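The chain contents come next:
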Amino acid sequence: MTNLILLIPAALFLGGLGLAAFLWALKSGQYEDLDGAAERILFDQPADDQSPHKESRDHARK
Amino acid sequence: MTCCAVGIATASELGPNATGPSMEELQLASHRIADGTYQTDLSVPGIHCGGCIQAIETALMRLDNVERARVNLSTKRVSVRWHGRTPPPIIATLERLGYEAHLFEAAAKAHDDTLSELIRGMAIAGFAAMNIMLLSVSVWSGADAATRDLFHWVSALIALPALAFSGRIFFRSAWSALRHGRTNMDVPIVIGVSLAYALSLYETINHGAHAYFDASVSLLFFLLIGRTLDHVMRERARTAVMGLARMAPLGAMVVREDGGHEYLPLAEIEPGMKVLVAAGERIPADGCVRRGTTELDCALVTGESDPQTVAAGNMVRAGTLNLTQPITIEVTAAANQSFLAEMIRLMEAAEGGRARYRRIADRASALYAPLVHLTAFLTFLGWMAVSGDWHQSVTIAIAVLIITCPCALGLAVPIVQVVAARRLFENGIMVKDGSAMERLAEIDTVVFDKTGTLTLGRPRLINAEEINRKAFAIAASMADHSRHPISQALREIAAKHHLSPIPLTSVEESPGCGLEAKAGDVVYRLGRANWATAGISSSVGTLLSRNGEEIATFKFEDVLRRDAEVAVAELKDAGLAVEMLSGDRRDAVQSVGDKLAIARADAEALPSEKATRLAELTAAGHKALMVGDGLNDAPALAMAHVAMAPAAAADIGRNAADFVFLRESLTAVPFALDVSKKSGALIRQNFAIAIAYNAVAVPIAVAGYVTPLVAAVAMSLSSLIVIGNAMRLRGRPMREAKHTGKAKSRAPLRANALVEG
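Residues numbered from 1 in each chain as written. Chains lettered and ligands numbered in written order. Predicted model: local features only at pLDDT ≥ 70, side-chain atom pairs only at ≥ 80, totals over all residues.

Caption draft 1: Here's a closer look at the UniProt feature "transmembrane region" (unreviewed entry) in chain B. Taken from the UniProt record, the annotation "transmembrane region" (unreviewed entry) applies to residues 118-138, 150-171, 183-202, 208-226, 366-384, 396-420, 687-706 and 712-729 of chain B. Taken as a whole, residues 118-138 of chain B contains 100% helix and 0% strand, while its terminal C-alpha atoms sit 30 Å from one another. (UniProt positions renumbered as here; feature names shortened; annotations may be inferred. Helix = DSSP H or I, 4+ residues; strand = E, 2+ residues; numbered from the N terminus.)

As structure tokens, this is what we get:
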């Protein structure tokens, strides 16, 4: 009985963690383009530029 | 990379007239994100693979002022964020890479809140269902009383927020149905779920052995899976339709009093303004030509297949395509009073027949819900009479409600329609909603528009073999300088015959007559017979003359859409009446009617007459499918029991249609009908399965033998059988599509994983 009191919250917490991760992924738009994500993993350099270092990267490319 | 080449070929095939939006239109379509920063969303149907993503993003990022370019492969869209006064040359850059880009309906990009709500609800219901089920399994396998009570309490605590959050969707819909004095599928679901929870809570408080927390939550989970899949499927179809090129321009180039030019949005165009319309653009508003002579393609507006020549003083209608020369028109009616607006008014008046249609699921639940609730009530009365123990009677009555709770019934319709919609999607047919398939299965009459639907509205050369190669080469070289549909047809066929171009010194186009070219001191004329031969010949058709002497005659014919004969024959074999309703000339309509063996063909029909004909059919008790593409078909599309439009249809026609088919072949019509009929049959089978399940389960429940374990097993089993039955609809792609059906092999797997998970 005592171990249940420990284990059930632990199990629920871990499950909840998974749920929270899913909801976060959904909210941050990671399910918007599933086909694109599958292709982007193959790129050498991220073509998408969300970092402020566009200039330096362009420079490196040259 | 090979797939990219295929994409480019189909893209250019689709839009022979496409020039892409102008810079001004692009500016108008962009929306502001922050000060000086704008975002432009474009639909690029040619995007096919990772190579395309990289090529497009790298090229766009190299442009000045572009902050961010992001390709969405699933929706085939590009979103570009830029700053500065004018948009960077996005369209030109994409064109250089070989991608055709166009603007799409602005309303489409709004974030889909319903989908996120459904997915979030599904995730939470799934999480709760799995945890409660885990606890329930240990209760079923014989936990002692204290542990059982603890587990019941934990389950109750998990179930309450899950029901409150995920159940919202059902509670809301059931409440709005009840408030309007109706009942729908959600009413028995909501009653069953809430009563199951209330009873279980009561049992838990009183240390009872049976609690149905697992049943109530997993029921919601299953139903949410069905709903989410349904929504995803419809959204995909809608996104694909929205991604098609806009036909109506967003604005127009206004010539100001002082001679300056200014690009204004359509809403600000007023009568009296002078508007410049370049060749290849659509007329923005009804007006009167002030300067210039040109030819207009009216196919999309009136259904006439031959281009019309207009000169100063002629009236032009909004939506027609300017083919050959730039003209200046004086606007006579503001955009909201134009021909287009009149069509929208007619459409609104026509709608109603479709709104009255009640979904199969709602009709079934209208019968089912009272029956179930009555059974539960009678069970309660019976047990009260026999045992007199109200606690036991209530428990058994609620067990009846839980076991009959329409889990299988709630899935019976959506799951079949999801599978059916995906089959259609894979074959290039977009379905806007499930009720469209139900309505399509009921039809007994098919009404076709002619231009653009049965035919492509494009001329084709029919006597290529008779023409001397040299003359052909001259004609093709001249045609290279013109956008006229006949020139385009000549060019297309010349490319197939590998003719080498002939050097010409000058080419001039006379609207309404033809082309005149000079090669040294020889004058060639290609065009209307009596113009080309300076009045000598009066034969119909297109002539090529050399210094006024006829050297070749080209015979053209409006091309039938691919597989039109097969499609019409198949529809007739299926026992449907086939009719044609066209705004075109009588002889053109008659010739197509004869070729396709369509007995009833109405010609020169006005838009309102088309709608009237559909209303007549409805009044006579017929259920008609309308297939049409033009602006003039829009009221008829809205009036019909169910409507279908090709991808090249006018914007409002596409919006009014329930189905939009993207491929050229007309077999899409019998194919959609076939899939709808099959899914109708499967839905009925699923209902039969659900009823059979109830016939077995209800006596057990009424007799009082149902435990939570029995309920969980029975419910999951019936759901799985219903889903399995729906999957039988997946089959081979439609014949025509054999060689193109490569792309979507991954999608079925994903959907299955969702259902099984």
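Caption draft 2: Region of interest: unusual backbone geometry. All names here are of chain B. Positive phi values are uncommon outside glycine, yet Asn 65 reaches one of about 70°. Mapping Asn 65 onto the fold places it in the loop between helix H3 (50-62) and strand S3 (66-72). The phi dihedral of His 207 falls on the positive side, at around 60°, and the residue is not glycine. Within the secondary structure layout, His 207 lies in the loop between helix H8 (186-205) and helix H9 (213-242).

Caption draft 3: Main features of the domain arrangement of chain B. In terms of domain boundaries, chain B breaks down into domain 1 (2-110), domain 2 (113-240 + 360-419 + 675-730), domain 3 (434-456 + 561-657) and domain 4 (463-554). Measuring from the centre of the C-alpha atoms in domain 3 of chain B to the corresponding centre in domain 4 of chain B gives 36 Å. (Domains from an automatic or database assignment.)

Caption draft 4: Representation of helix H20 (residues 586-596) of chain B within the structure. Residue and element names in this part refer to chain B. Every buried residue of H20 is listed here: Ala 588, Val 589, Val 592, Gly 593 and Leu 596. Buried residues of H20 fall within an arc of 130° about the axis and therefore sit on the same side. Within H20, the exposed residues directed more than 90 degrees away from the buried face are Asp 587 and Asp 594. Residue Ala 597 follows H20 closely and has a positive phi angle near 55°. (Buried ≥ 20, exposed ≤ 12 C-beta atoms within 10 Å, placed from the backbone. Arc of directions from axis to C-beta.)

Caption draft 5: Just the interface of chain A and chain B, in detail. Taken together, the contact between chain A and chain B spans 21 residues of the former and 23 residues of the latter. When contributions to the side of chain A that touches chain B are tallied by element, the ones reaching two or more residues are helix H1 (2-27) and helix H2 (34-40) of chain A. In terms of residue count, H1(A) provides more of the side of chain A that touches chain B than any other element does, 8 residues in total. Of the residues assigned to the side of chain A that touches chain B, the class counts are 12 nonpolar, 2 polar and 7 charged. (Contact = placed C-beta atoms within 7 Å. Nonpolar A, V, L, I, M, F, W, Y, C, P; charged D, E, K, R; others polar.)

Caption draft 6: Spatial organisation of the pairing of strand S15 (residues 445-448) of chain B. Residue and element names in this part refer to chain B. Neither face of S15 is exposed, since Thr 445 and Val 447 on one face and Val 446 and Phe 448 on the opposite face are all buried. Where S15 meets strand S23 (residues 577-581), 4 bridges bridge the pair, whose relative direction is parallel. What sits directly across from Val 446, in S23, is Val 578. Bridge analysis of S15 against strand S25 (residues 624-627) gives 4 bridges, and the strand direction is parallel. In the sheet register, Val 446 faces S25, and the bridge partner there is Leu 625. (Pairing = 2+ DSSP bridges.)

Caption draft 7: Spatial organisation of the sheet that holds strand S7 (residues 274-277) of chain B. Residues and elements named next belong to chain B. The 6 strands lie next to each other as S6-S5-S7-S13-S8-S11, forming an open sheet whose pairing is antiparallel. Because the sheet does not close on itself, it has two edges, and the strands there are strand S6 (261-265) and strand S11 (315-316). One ladder, built from 4 bridges, connects S7 with strand S13 (residues 327-331); its direction is antiparallel. Considered in S13, the bridge of Leu 276 is made with Thr 328.

Caption draft 8: How the structure looks around the nonpolar core. Residues and elements named next belong to chain B. Judged by nonpolar contacts, the single largest core of 204 residues is most densely connected at Val 217, Leu 625 and Ala 672. When residues in this core are grouped by element, the largest group, 16 residues, is from H9. Excluding residues that lie within four positions of it along the chain, Val 217 makes contacts with Ala 125, Ala 128, Ala 129, Ile 132, Ala 159, Ala 162 and Leu 163. Counting residues in each nonpolar core, the second largest holds 20 residues, with Ile 474, Ala 475, Leu 543 and Leu 544 among its members. (Core = buried A, V, L, I, M, F, W, Y, C linked by C-beta atoms within 7 Å.)

Caption draft 9: Local environment of the UniProt feature "domain: HMA" (unreviewed entry) in chain B. Cross-referencing UniProt, the feature "domain: HMA" (unreviewed entry) maps to residues 38-102 of chain B in the present numbering. Regarding residues 38-102 of chain B, the helix share stands at 32% and the strand share at 31%, and the terminal C-alpha atoms are separated by 17 Å.

Caption draft 10: Looking closely at the packing of H9(B) against helix H25 (residues 708-727) of chain B. Residues and elements named next belong to chain B. Running from N to C, H9 and H25 cross one another at 10°; their axes reach a closest spacing of 10 Å. With respect to H25, the axis of H9 lies roughly parallel. Residues Asp 214, Ala 215, Leu 219 and Phe 222 of H9 form the contact with H25, whose own contacting residues are Pro 708, Ala 711, Ala 712, Met 715 and Ser 719. Of the residues contributing to the contact of H9 with H25, the split by class is 7 nonpolar, 1 polar and 1 charged. (Axes fitted to C-alpha atoms, helices over the stretch in contact; angles between N-to-C directions. Parallel < 35°, antiparallel > 145°, perpendicular 65-115°, else oblique.)

Caption draft 11: Molecular detail of the sheet that holds strand S10 (residues 308-310) of chain B. All names here are of chain B. Sheet architecture is open: 3 strands sit in the order S10-S9-S12, paired in antiparallel fashion. The two strands at the open ends of the sheet, each matched to only one other strand, are S10 and strand S12 (321-322). Here strand S9 (residues 294-297) runs beside S12; their pairing, made up of 2 bridges, is antiparallel. Its bridge partner lying in S12, Leu 296 is registered against Asn 322.

Caption draft 12: Representation of the confidence of the model for chain A within the structure. Residue and element names in this part refer to chain A. Per-residue confidence for chain A gives a mean pLDDT of 74, with 69% of residues at or over 70. Per-element averaging of pLDDT across chain A places helix H3 (residues 54-61) at the bottom with 44 and H1 at the top with 89. Contacts of residues 49-62 to residues separated by more than four positions or lying in other chains number 3 contacts, the stretch itself having pLDDT below 50. (pLDDT = per-residue confidence, 0-100.)

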